[in-house]
Amino acid sequence: MQIPQMAGVKATGKIKEAHLKIIGSLVKPVVTGTAIPDEVRLEILSAKRFIKATGGSLALAGDLLTLKDMTLATKGGSALVTARLSGVPGEAQLVDGRIRSQSLDLADFDAWINSSVVPEKLRKDYNLMLKTYSISKVHGKIYGDILLKGNPKETLPRFDGVIGLMNVGFNVDKEQVSVNRLSGVLATAGDELLLQDIAGWINNSQFEADGDIKQFRTKEPFLSSDIRGTLNAKEINQLISAFSPAKKASQLRFSCQGPLDVKVKFAGTQENLKVQFSGRAISRNVVKLHGPFGTLHQPAGEDMSLDGSVSIHSKGVTIDDAHLFVSDSVLNFKGEIKVKGDDNQPLMDDQLINLVVLTPNALPAKRMLAAVAPAIANDDVTGTIKVDGALAGSMSNPKLKGIFDLNKVSVPKMRFLNATGRMESRDPYDPRSQAAPINAKVDMKELEVAGIKVTDVTGDMSFRPSSGEDKLPKVRLANMKLKAGGGNVSLNCWVDPETQRMGTRAEFKGVDLDAISTGLFGHSGEIVGNATGDLQLKSQGKDKEEMIKNLSGNGSFDVKNGTLARFGRLQARLTQANLLQSGLLGFNLNNLLQSVVPVRTGTFKDLTGKYQITNGLLAFNDLRFNGADMRLWGGGTANLIDGKVSMEIAGTLPRVTASVLGGPLGHVSRGITIQRLLSTVTFNKLEKLPSLPILGDIAADKPRTFTFKMNAPINDPKILAQSIEKSFKWLPSKPLASAHPVPGIDAKMLEAKAN
């Protein structure tokens, strides 16, 4: 006789009593009988495990096998089993049964149920369940009292009763989840499954849960559960993945240092699940959320909490209401993430988000800045920002639109102070657009940048997050119009912190240079005048020094009616040289006063020039200074890295300077010179006299032409002055008398300027 259920099983031991009756043909015998085991050992050869059966009885009548009050023991525990199986010895099926145990090892149970002793259908259904939920490596122990009832139409037999869990564990391979140290009680009552005091660990996160599942035997069970625990970043990312299919398109990722306290309540079916949640992160958790919008940071040193409710349904996730608290500040969220369209078809490539974000009250700018750029959000940041916006569009490239109102926002570390105004983004969403996530119209009433007060700022601003987790976003300013230093400025610029590159292009008109230079350098009066010009710059570098080294660009300027303080000292030295070389014949009271107390500090009518910057080397060409008492022109270079200047300058200076004294006395004093007196006495024949080395070039009061070179560090006035004095020389005032030493300026031009 062949008994399929005993294939692969080795049976040894004793039976107290047995009765067996076989009738019928040899082909299809009918077996009946009973057996009372004393101690029978059934060894499952493939799993190297055994089951020891003691007590109770076995009865076979027709194709019905009945086990009654039999103790089945393994190395890890035992159970008292009563069961009826039909179809023995063929394809057996469970009719009903009862299992009572104080400790049953699940690994032994798994090995036994996968053996040939268990009916094939039950074996297949059990493994189908494990495969459906991607469950493997079941271990731990259970206890309880379970009634089983088989049904050919159901996947697994119906069970009722109580199951206790003791250090149960398993893996969910599909989600890379490991559940361990699971304890608690599962109980069934009709079609309701109760979960009581369920506690355990999911990977490295601890949780506790209570709840129930109604209609748990149907395809649409109704879940109601309350879960409390501490979750790590890995488990939170798995939850994001499980409850938001759009995560795969958005590349959302969560990180934190240490577990977070979390409470979640579920209610509903798999097709429509309501979730209430709350979570808290203390300051040392350092929470970060990475996504297509960049990285959002938990403000340093501040606790943070999030609560709200969402609905998870077949078309996506609806955020009914959510609140993010940072100390006493709050942001409200409401909206949806769609993973299916109106035609109920999956949105595989362009899953959509539409999330309203607003602040009931203005937020401290420091907290807002700390969330997006913590590197510059120190305690000096002041002012407030109010947000009424929305995150909308594709999950892979969402856009932030809405209104951002700034009130006296100051970021001293960036030399950005007292910004008051609005940034507004109302761009319609275009899924094909690769534009930056934030595109805003700027309308700022006033602000101060790098010490320069700026008003009436309008234009376009865009932000694109960097791929680096903690890097600042890429910023672009376009079509910017503003007023600074009493003039108008047009500006376009961009900064990319990731590649450490920047570029700018600007035009300015009627700008007060004293206001600009005072703001930039903190020294009033260094350069005064009304400027018009343009500039174009670009660079790359990880710090200020490297940015200057790689700086390139060009520009031009035209300054009217101003003062260049550094040229005032130069003018004093030239006046002294003029007085000495003119001798007694050129002496007058004004020359003396001007050389001792130079009251005209570089005053000019025009200051113009063009420049080119290549790798930190500033080259001037066509540089011109047209002052009341002095004119200069020339060219050269200034090394912005080491500050060394190398320039060749030519210029003219009158023999007798303009009067320091005012009124009629000043006018008369300028005319009192021995040279003028001799010229009158000789009836204007003085010009024809030869030059005398001691007296200088005896002639009329025409300007004298000179040249000099500047080769010295710009920040060392002493060496710079020595360079000028050493190279300084007067040029003859005769046409074509000498070739001019300044490149690009010929002798004819020199003489024309001199005369």
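These numbers were taken from a predicted model, which means no experiment stands behind them.

**Examining the overall build of the protein**
- Each helix and strand counted, the protein has 13 helices and 39 strands in total.
- Per element, the accessible surface of the protein, about 41,000 Å² overall, is 58% carbon and sulfur.

**What to know about the side chain of S311**
- In this fold, S311 is placed in strand 19 (residues 304-313).
- At a separation of 2.8 Å, a polar atom in the side chain of S311 contacts the side chain of K274.
- With sequence-adjacent residues up to four places away left out, S311 is seen in contact with L273, K274, G316, V317, T318 and D320.

**Section: the pairing of strand 31 (residues 501-512)**
- Judged from the 9 bridges that link them, strand 30 (residues 487-496) and strand 31 form a sheet pairing that is antiparallel. The partner of D496 across the bridge, within strand 31, is R501.
- The antiparallel pairing of strand 30 with strand 31 creates a hairpin that spans 4 residues between the two strands, and Q500 there sits at a positive phi of about 60 degrees.
- As defined by bridge partners, strand 31 adjoins strand 32 (residues 527-540) across 10 bridges and the pair is classed as antiparallel. Pairing of M502 across the sheet is with S539, part of strand 32.

**Things to note about the nonpolar core**
- Formed by 61 residues in total, the largest nonpolar core has its most connected members in L406, V457, F708 and M710.
- In contact with M710, not counting residues within four places along its chain, are V645, S646, M647, I649, L720, S723 and I724.
- In this structure, F266, F333, L355 and M395 belong to the second largest nonpolar core, which totals 29 residues.

**Regarding the pattern of salt bridges**
- Taken as a whole and assessed by the stated rule, the structure comprises 20 salt bridges.
- With a closest N to O distance of 3.9 Å, K214 and E192 form a salt bridge. With K214 in strand 12 (residues 205-214) and E192 in strand 11 (residues 192-202), the pair connects residues that are 22 residues apart, well separated along the chain.
- By relative accessible area, which is 34% here, K214 ends up partly exposed.
- Since its relative accessible area comes to 24%, E192 is described here as partly exposed.
- A salt bridge links K441 to D460; its shortest N-O distance comes to 2.9 Å. Pair noted here: K441 is in strand 27 (residues 438-449) and D460 is in strand 28 (residues 452-464), with a separation of 19 residues, a long-range link.
- One network of salt bridges, in which partners are shared, links E208, D210, D226 and R228.

**Remarks on the packing of aromatic side chains**
- Scanning the entire structure with this criterion turns up 6 aromatic pairs.
- When the ring of F109 is compared with that of Y126, the centres are 6.2 Å apart and the planes differ by 85 degrees; the resulting orientation is edge-to-face. Separated by 17 residues along the polypeptide, F109 in helix 1 (residues 106-113) and Y126 in helix 2 (residues 120-132) bring together distant segments of the chain.
- Judged by its relative accessible area of 32%, F109 falls in the partly exposed class.
- What links up through ring pairs into an aromatic cluster is the set F557, Y611 and F620.
- In this structure, R41 packs its charged tip against the face of F50, placed 4.0 Å from the ring centre.

**Section: the pairing of strand 35 (residues 617-627)**
- Both strand 34 (residues 603-614) and strand 35 contribute to a ladder of 9 bridges, which runs antiparallel. Looking at strand 35, one finds that T608 is bridged to R624.
- The loop that links strand 34 with its antiparallel partner strand 35 comprises 2 residues; one of these, N615, has a positive phi angle of about 50 degrees.
- For strand 35 and strand 36 (residues 631-639), the ladder comprises 8 bridges, and the chain directions are antiparallel. Opposite N626, over in strand 36, you have R631 as the bridge partner.

**Here we look at the packing of helix 1 against helix 2**
- Packing of helix 1 against helix 2 brings their axes to within 10 Å, and their N-to-C directions diverge by 125 degrees. Judged by the angle between their axes, helix 1 and helix 2 are oblique. Between helix 1 and helix 2, the contacting residues are F109, D110 and I113 on the first element and R123, Y126 and L130 on the second.
- Looking at the contact of helix 1 with helix 2 residue by residue, the classes come out as 4 nonpolar, no polar and 2 charged.

**Describing the confidence of the model for the protein**
- In the predicted model, the protein carries a mean pLDDT of 77, and the fraction of residues at 70 or more is 75%.
- For the protein, helix 11 (residues 674-681) is the element with the lowest average pLDDT, namely 41, and strand 23 (residues 363-364) is the one with the highest, namely 93.
- A low-confidence stretch, residues 659-700 stays under pLDDT 50, and its non-local contacts, those more than four residues away or across chains, total 62 contacts.
- Confidence over residues 735-755 falls short of pLDDT 50; this stretch has 42 contacts with residues more than four positions distant or in other chains.

**As for the environment of A650**
- Take A650: it is sitting in strand 37 (residues 644-653).
- Relative accessible area serves as the criterion here: at 0%, A650 is assigned to the buried category.
- Taking the C-alpha atoms as reference points, A650 and K709, separated by 59 residues in sequence, lie 8.8 Å from one another.

**Overview of the environment of L67**
- Residue placement: L67 occurs in strand 5 (residues 64-74).
- Judged by relative accessible area, L67 falls into the buried class, the value being 15%.
- Through-space distance from the C-alpha of L67 to that of V81 is 7.1 Å; in sequence the pair is 14 residues apart.
- Not counting chain neighbours up to four residues away, the residues in contact with L67 comprise S57, L58, V81, T82, A83 and L85.

**A few points about the environment of T54**
- Position of T54 relative to the elements: it lies in strand 3 (residues 49-54).
- For T54, a relative accessible area of 22% gives the class partly exposed.
- Measuring from C-alpha to C-alpha, the distance between T54 and A73 comes to 8.2 Å, with 19 residues separating the pair along the chain.
- Ignoring anything within four residues of it in the chain, the contact list for T54 reads D38, E39, M70 and T71.

**A short note on helix 2**
- Across its 13 residues, helix 2 extends 18 Å between first and last C-alpha, which sits within 8% of the 18 Å expected from 1.5 Å per residue.
- Within the span of helix 2, buried status applies to R123, D125, Y126 and L130.
- Elements in contact with the buried residues of helix 2: helix 1 and strand 8 (135-149).
- Remark: S134 follows helix 2 within two positions and exhibits a positive phi of approximately 55 degrees.

Conventions adopted
Residues numbered from 1 in each chain as written. Predicted model: local features only at pLDDT ≥ 70, side-chain atom pairs only at ≥ 80, totals over all residues. Heavy atoms only, no water. Helix = DSSP H or I, 4+ residues; strand = E, 2+ residues; numbered from the N terminus. Areas by Shrake-Rupley, 256 points an atom, 1.4 Å probe, with all protein chains shown as cover. Polar contact = N/O pair within 3.5 Å; in protein donor to acceptor, adjacent residues only side chain to side chain. Contact = heavy atoms within 4.5 Å. Pairing = 2+ DSSP bridges. Core = buried A, V, L, I, M, F, W, Y, C linked by side-chain atoms within 4.5 Å. Buried < 20%, exposed > 50% of the residue type's maximum accessible area, 1.4 Å probe, protein only. Salt bridge = Lys/Arg side-chain N within 4 Å of Asp/Glu carboxyl O. Phe/Tyr/Trp six-rings, centres within 6.5 Å; stacked < 30°, edge-to-face > 60°. Lys NZ or Arg CZ within 6 Å of the ring centre and 35° of its normal. Axes fitted to C-alpha atoms, helices over the stretch in contact; angles between N-to-C directions. Parallel < 35°, antiparallel > 145°, perpendicular 65-115°, else oblique. Nonpolar A, V, L, I, M, F, W, Y, C, P; charged D, E, K, R; others polar. pLDDT = per-residue confidence, 0-100. Expected span 1.5 Å × (residues − 1).

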